[in-house]
Each structure stands twice: as C-alpha cells, then as structure tokens.
Amino acid sequence: MSTVALITGAASGIGAAVARRLARGGARCVLVDVDADGAERLAKELGGTAVAGDVTDRETSARAVATAERAYGRLDLVHLNAGISSGVDLTAFDPDQYRKAVGVNIDGVVYGVAESLPALTRGGGGAIVVTSSLAGLVAYDGDPVYTMTKHAVVGLVRGLAKPLAASGVRIGAVCPGFTDTPLVAGMRDVFLGAGFPLLDAEDVAAAVESAFYSEEPGAILVVQPGRAPVPYRFAGVPGPAGGERPPTPPPPTHRGGREPGPV
C-alpha cells in the first residue's frame, strides 16, 4: 500500500522538493498551495492531487485532509511547510501585514495539525513535520515577527510531541538556514556575492524525510549547508530552589459561563 502524504506550500521551493522526493519513493501526494496553477502543474508531474487554498483558512486544511482520504483512502505523512516572511515594521505597524504572517506561519500549522490528526489516527498513526527555520531557534533581527512565528511552531512541536506519540503520531520540525527558494529570491545575489552559502531545497527535503521517521518525539533538526542534519539540543532551565519540578496543572474549568477569577 502506497504512503499518502499531504504537503502545504507545495507548489515551489522546499514543499515541491519534498513532494518530488516522496513521490520518487512511491508516495501519493496531496499538494496544497495558494498558487493553484503551480500546485496543479506539480500534481500532474507527480501523479498526485492538487488542492488550491490559503492555509490561513482552516477550511483549506479540512478540505485537503478530506481529499487525501477520498482519493487515496488514508493519510500517513503531513508536511506543514507553507510560510512567508513578515516584513512587519513595528515602528510603522500594519496590522493586516502582521495578521497575514501570523495566519500563514502559525495558524496554518495549528489548523494543519488539528485537521490531520483524526485521519492519521484512523490510519493507525503517522507523522507530521513542520518547516520552521533557524529563526525558530535564534534571534533574527532582520524580521522579528517572522522570528516570533518560527519560535512559536517549534514550541508547539515540542509541547505536542509526547501527547501525540501516545496515539502513534510522531511530530517534529526542521530548522533550515537560508535556502535557495522564492522566499529569499530577492536577496539571493546578495548572499552569493558575500560568499554566504545557500541550502538547496533538496537538502531540506532530505531532512524532512528523515524527520518523518525519527524515533525521537519532537525532534528538531538543524539543516545547514555542508553539514548533515543534526538534532538541536535545548538547554534545561533552572528549577525552583530546594524543590522538585511542579506537576503540569490541569486545564482551568469554566463554570456558569464566567471566566475564572483569581484564587
């Protein structure tokens, strides 16, 4: 039985490279992108299925998952790759520009996870890989809002790793450095002129495939030019002096339609 993969931001760059790599291995791919023509062209090339839509709309993720199950009977792998730079200037703040970046980079990931989990569970388990960035691990002052969104999805992956593993679903992320994709096309010559190496999208695709099958829940793979992908090791934080780490508190209980007040 063929593996079935769903990929967002699939019409170009890293998403397209992942789709081609998985298809070469026999996977059937559902390709999601706001670029309907690009997704359709790649779907025809790979014998897959295109879904046109904006990941900031939860319905796009729901429709993509339904398409996978209807066309191929199951869903095994999910690559939540769609992402944009923000360009947000906090000294001349544009709330619409801000919401667009948060919508694609954070909401699109959350919706993708939420909509795909039931299908993955119905199929007996599977894997989700999120495309983050080195900006999800270190401060990138060239685009602080982009940095914020990529830190956010790393946190989501780490927080979900153990709960999802208990139901047979692995989740991880890849954090590539600057990659030769349309996202950095405007700066490509600057990077190359400065002797700064760019990753090839295929390098990142190989790391994504590796992350799909990682046995470590919540693995965060750093991808840099000339290096094999390596798991990022987070430093622990100091605990309370003289005490044990407190247990995770239960979620708050809301009664009577009112928000809970201070204890």
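So, here is what we can say about the structure in this document.

Reading the values: rules and limits
Residues numbered from 1 in each chain as written. Predicted model: local features only at pLDDT ≥ 70, side-chain atom pairs only at ≥ 80, totals over all residues. Heavy atoms only, no water. Helix = DSSP H or I, 4+ residues; strand = E, 2+ residues; numbered from the N terminus. Buried < 20%, exposed > 50% of the residue type's maximum accessible area, 1.4 Å probe, protein only. Contact = heavy atoms within 4.5 Å. Areas by Shrake-Rupley, 256 points an atom, 1.4 Å probe, with all protein chains shown as cover. Pairing = 2+ DSSP bridges. Expected span 1.5 Å × (residues − 1). Arc of directions from axis to C-beta. Polar contact = N/O pair within 3.5 Å; in protein donor to acceptor, adjacent residues only side chain to side chain.

Section: the overall build of the protein
For step 1, the next point in the chain: A tally of helices and strands in the protein yields seven helices and eight strands.
For step 2, the next point in the chain: Within the protein, the fraction of its 263 residues that count as buried is 43%.
For step 3, the next point in the chain: Sequence separation of 24 or more characterises 64% of the internal contacts of the protein that already satisfy a separation of 6 or more.
For step 4, the next point in the chain: Of the roughly 13800 Å² of accessible surface on the protein, a fraction of 55% belongs to carbon and sulfur atoms.

Regarding the pairing of strand 7 (residues 220–223)
For step 1, the next point in the chain: Side chains Ile-220 and Val-222 project from strand 7 onto one buried face, and the interleaved Leu-221 and Val-223 project onto a second face that is buried too.
For step 2, the next point in the chain: Where strand 7 meets strand 8 (residues 230–231), two bridges bridge the pair, whose relative direction is antiparallel. Bridge assignment links Leu-221 to a residue of strand 8, and that residue is Pro-231.
For step 3, the next point in the chain: Between strand 7 and the antiparallel strand that follows it, strand 8, lie six residues; Gly-226 among them carries a positive phi value of about 80°.

A closer look at helix 7 (residues 201–212)
For step 1, the next point in the chain: In this model helix 7 runs 17 Å from its N-terminal to its C-terminal C-alpha over 12 residues, within 8% of the 16 Å that 1.5 Å per residue would give.
For step 2, the next point in the chain: Within helix 7, burial applies to Ala-201, Val-204, Ala-205, Ala-207, Val-208, Ala-211 and Phe-212. Down the axis of helix 7, the sector holding all buried residues measures 160°, keeping them to one side.
For step 3, the next point in the chain: Where the residues of helix 7 are buried, they touch helix 1 (13–24), strand 4 (77–80), strand 5 (126–131), strand 6 (169–176) and strand 7.
For step 4, the next point in the chain: The opening residue of helix 7, the one whose side-chain oxygen lies 2.9 Å from the backbone nitrogen of Glu-202, is Asp-200.

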